[in-house]
Amino acid sequence: MRIHFWGVRGSLPTPMTSAQLRNKITAVVQRITPNDLVSEDARENFIQNLPEWLTSTIGGNTACIEINTDDNQIFVLDAGSGIREMSYKYFEEAETTIHMFFSHFHWDHIMGFPFFAPVYDSNFTFHIYSPWPETMKILAAQMEPPYFPANFSTCTPNIHFHLLKPDMTIKIGEVSVMCKKMFHPGTSYSYKFIENNKQFVYATDVELTAASDEEKNDYKSFFANSDMLVLDSQYTIDELFDKPNWGHSTCCHGVDLAQECNIKRLFLFHHEPTYDDKKIHSLLKIARWYAESTGKTAFDIEAAKEGMDVIL
Ligand SMILES: [Zn+2]
Ligand SMILES: [Zn+2]
């Protein structure tokens, strides 16, 4: 399967500010030496060797991930603001079926739904899955006046809702799908997808430290031996202490969990909206340093970034 990140930010869409852009330009200019300017190759080499936070951005759109399965199915995980960009990918496609899964219904996970052009196109069929019986009512509510100009009734009639039971496995084509209840205000659910012996887990919006020992053990058996785990790591340790029960985790707690669960690739996700690219990359460095300091480094750690593709 191929995993694509359309939105990686938590809580609120976060466009880059002019001040942040200026800080990047200043940091680049401060690094230039006369030798970096002597030829086109030297200039290119200089750019190539800049830190990643200076040459790219983590992205400001909220949670949305697409999975293209080996058996040519399209799965979408949450409909944060990142899903709007995905509209263009499937524009002019005929007879397309999309399976959507919702972790929960906080705004950052549903706000993109009314902006996803295919939901108004009768060439598209949607299967929408969640453990909440009122999913349709919740999605429709954000499109009621005065919140949005187009009512849910203007969407394609080909939208089918499926109620999931936590811990039950369903089969969609060749893919096995399970969901697991997570500790988060109002509850969230993580999803596990298995195809061709590859296991991908999406676990956004979870406060690992607030979960009971029983819940933690339950998470561990659910996450165990995943090839890829996308995990909430919104806060620093300091911030976690200031915001108990806000429903989010830190990168270091994610590293602990990944090590205990024998995860092969950990992707830090649901980035804090007040953190700029430099801060998020510094948290990635901390996570890698922490993993090394514990001596268990047999897994990759990345910061999930808008536009990133991962093949499993
Ligand atoms: Zn969220
Ligand atoms: Zn949430």
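The structure reproduced in this document is the subject of the present report. (Residues numbered from 1 in each chain as written. Chains lettered and ligands numbered in written order. Predicted model: local features only at pLDDT ≥ 70, side-chain atom pairs only at ≥ 80, totals over all residues.)

Thoughts on the sheet that holds strand E3 (residues 74–77)
Phase 1: Strand order in the open sheet made by the seven strands is E6-E5-E4-E3-E2-E1-E14, with mixed pairing throughout. Either end of the sheet is taken by a strand with one partner, and the two such strands are strand E6 (159–163) and strand E14 (309–311). Direction aside, neighbouring strands of the sheet carry axes that sit 20° apart on average.
Phase 2: Here five bridges tie strand E1 (residues 2–7) to strand E2 (residues 64–68), and the two strands are oriented antiparallel to one another. Residue pairing across strands places Arg 2 opposite Asn 68, the latter belonging to E2. (Pairing = 2+ DSSP bridges. Helix = DSSP H or I, 4+ residues; strand = E, 2+ residues; numbered from the N terminus. Axes fitted to C-alpha atoms, helices over the stretch in contact; angles between N-to-C directions.)

Re the nonpolar core
Phase 1: Membership of the largest hydrophobic core comes to 68 residues, with the highest contact counts inside it found for Ile 65, Leu 229, Val 230, Phe 267 and Leu 268.
Phase 2: Those residues in contact with Val 230 that sit more than four places away from it in its chain are Ile 65, Tyr 202, Ala 203, Thr 204, Phe 267, Phe 269 and Ala 304. (Core = buried A, V, L, I, M, F, W, Y, C linked by C-beta atoms within 7 Å. Buried ≥ 20, exposed ≤ 12 C-beta atoms within 10 Å, placed from the backbone. Contact = placed C-beta atoms within 7 Å.)

Structural notes on helix H9 (residues 251–260)
Phase 1: Listing the buried residues of H9 in full gives Cys 251, His 253, Gly 254, Val 255, Leu 257 and Ala 258.
Phase 2: Buried positions along H9 lie against helix H7 (213–223), strand E11 (228–232), strand E12 (265–269), helix H10 (277–293) and strand E13 (300–303).
Phase 3: Following H9 by one or two positions, Asn 262 adopts a phi angle in the positive range, close to 55°.

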